[in-house]
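Observations on chain architecture
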Amino acid sequence: MASIFSQIVAGNIPSHKVAETDDFLAFLDIRPLKRGHTLVIPKKEIDYLFDLPDDLYLGLHIFARKVADAVQRSVPCKRIATAVVGLEVPHAHIHLVPIDAISDLNFENPRVQLNPEEFTQLAGDIRSNLR
């Protein structure tokens, strides 16, 4: 069965896309730790990040860097933190989380609530800041 991320790639589940190439996709996390929390994935479904072929592994990180820059231009924060946990969805992915303190990256923190209009506006802001 396809992962939820593969279903997003296929267009079967809606998402707030912020960047896309032939091989990669970035979209807003629907349960964000912080406003601007973005997920970056390879479109090819591979469960474990370190099982990605070298070209996809390197390409994913280069793509994530471009997206992180756009997130930082869109959301006031000190840094964009990255996290690779990989247990919640069996599809390699990188979390990009705007942070002001290390505690902002705690996945046990309460999640930020955004309404659909806020998600749409934020995704548009990030897209407009891509270089």
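Counting restarts for each chain: residues are numbered from 1 in the order of the written sequence. With pLDDT at 70 or above as the cut-off, local features in this predicted model cover only qualifying residues; side-chain atom pairs require 80 or more to be listed or tallied, and sums for whole chains, interfaces and linings still use all residues. The side-chain values count all of the structure's non-hydrogen atoms but skip hydrogen atoms and water molecules.

**What to know about the packing of aromatic side chains**
Note on aromatic contacts: the rings of Phe and Tyr and the six-membered ring of Trp form a pair at centre separations within 6.5 Å, being stacked when their planes are under 30 degrees apart, edge-to-face when over 60 apart, and tilted otherwise. Counting across every chain of the model gives four aromatic pairs. A ring pair is formed by Phe5 and Phe27, whose centres lie 5.5 Å apart and whose planes are at 70 degrees; its orientation type is edge-to-face. Residue Phe5 is located in helix α1 (residues 4-9), and its partner Phe27 is located in strand β2 (residues 24-28); the two are separated by 22 residues in the primary sequence. Each member of the pair, Phe5 together with Phe27, is buried. Their ring planes at 25 degrees and their centres at 5.6 Å tell us that Phe24 and Phe63 sit as a pair that is stacked. With Phe24 in strand β2 and Phe63 in helix α2 (residues 54-74), this residue pair connects regions lying 39 residues apart in the sequence. Relative accessible area decides the class of each residue, using a 1.4 Å probe on protein chains only: under 20% of the type maximum gives buried, over 50% gives exposed, and in between gives partly exposed. For Phe24, a relative accessible area of 7% corresponds to the buried category. Judged by its relative accessible area of 8%, Phe63 falls in the buried class. Among the aromatic residues, ring-to-ring pairing joins Tyr48, Phe50 and Tyr57 into one connected group. The numbering of helices and of strands both runs from the N terminus, where a helix is a DSSP run of H or I of at least 4 residues and a strand a run of E of at least 2.

**Focus on helix α3 (residues 116-128)**
Here the expected span of a helix is defined as 1.5 Å times the quantity of residues minus one. The end-to-end C-alpha separation of α3 is 18 Å, in line with the 18 Å expected for 13 residues at 1.5 Å each. Considered for burial, the residues of α3 that qualify are Phe119, Leu122, Ala123 and Ile126. Within α3, the buried residues cover an arc of 100 degrees as seen down the axis, which keeps them to one side. Facing away from the buried surface of α3 by more than 90 degrees, the exposed residues are Glu117 and Ser128. Arc, as used here, means the arc of the directions from the helix axis to the C-beta atoms.

**Brief notes about the nonpolar core**
In terms of nonpolar packing, the biggest core is built from 28 residues, with Val40, Val67 and Leu96 touching the most fellow members. For this core, the secondary structure elements donating two or more residues are β1 (17-20), β2, α2, β5 (94-99) and α3. Contact definition: two residues touch when any of their heavy atoms are within 4.5 Å. Those residues within four positions of Val67 in sequence are excluded, and the remaining contacts are Val18, Ala19, Ala26, Thr38, Val40, Leu96 and Leu130. For the purposes of this section, nonpolar cores are sets of buried Ala, Val, Leu, Ile, Met, Phe, Trp, Tyr and Cys residues that join through side-chain atoms within 4.5 Å. If you look at the next biggest cluster of nonpolar residues, it comprises seven residues, including Phe5, Leu25, Leu39 and Val89.

**A short note on α2**
The end-to-end C-alpha distance of α2, which contains 21 residues, comes to 30 Å, matching closely the 30 Å that a straight helix rising 1.5 Å per residue would cover. Buried within α2 are the following residues: Leu56, Gly59, Leu60, Phe63, Ala64, Val67, Ala68, Ala70, Val71 and Ser74.

**Description of the environment of Arg31**
Mapping Arg31 onto the fold places it in the loop between β2 and β3 (38-42). Residues Arg31 and Arg79, spaced 48 residues apart in sequence, show a C-alpha to C-alpha distance of 20 Å. Setting aside anything within four residues of it in sequence, one finds Arg31 in contact with His37 and Arg111.

**Examining a negative patch on the surface**
A contiguous patch of negative charge, built from Asp22, Asp23, Asp54 and Asp55, is present on the exposed surface. You can see Asp23 is positioned in the loop between β1 and β2. To count toward a patch, a residue needs a relative accessible area above 30% and no salt bridge. Like charges then connect within 9 Å, nonpolar side chains (Val, Leu, Ile, Met, Phe, Trp, Tyr) within 5 Å. Using a 1.4 Å probe, accessible areas were evaluated by the Shrake-Rupley method; residue-level cover was limited to the displayed protein chains. By definition here, a salt bridge exists when the distance from a side-chain nitrogen of Lys or Arg to a carboxyl oxygen of Asp or Glu is within 4 Å. Note on charges: Lys and Arg go in the positive column, Asp and Glu in the negative column, and His and the chain ends are not counted at all. By convention, the charge on Lys lies at NZ, on Arg at CZ, on Asp at CG and on Glu at CD.

**Examining the pattern of salt bridges**
Taken as a whole and judged by the stated rule, the model has five salt bridges. Asp104 is paired through a salt bridge with Lys34; the nearest N and O atoms lie 3.9 Å apart. Taken together, the residues span a long stretch of sequence, with Asp104 in the loop between β5 and α3 and Lys34 in the loop between β2 and β3 at a distance of 70 residues. Residue Arg73 pairs with Asp69 through a salt bridge whose shortest N-O separation is 3.1 Å. Here Arg73 pairs with Asp69, and both are found in helix α2, just four residues apart, close to one helical turn. Residue class for Arg73 comes out partly exposed when judged on its relative accessible area of 39%. Look at Asp69 and you get partly exposed, because its relative accessible area is 30%.

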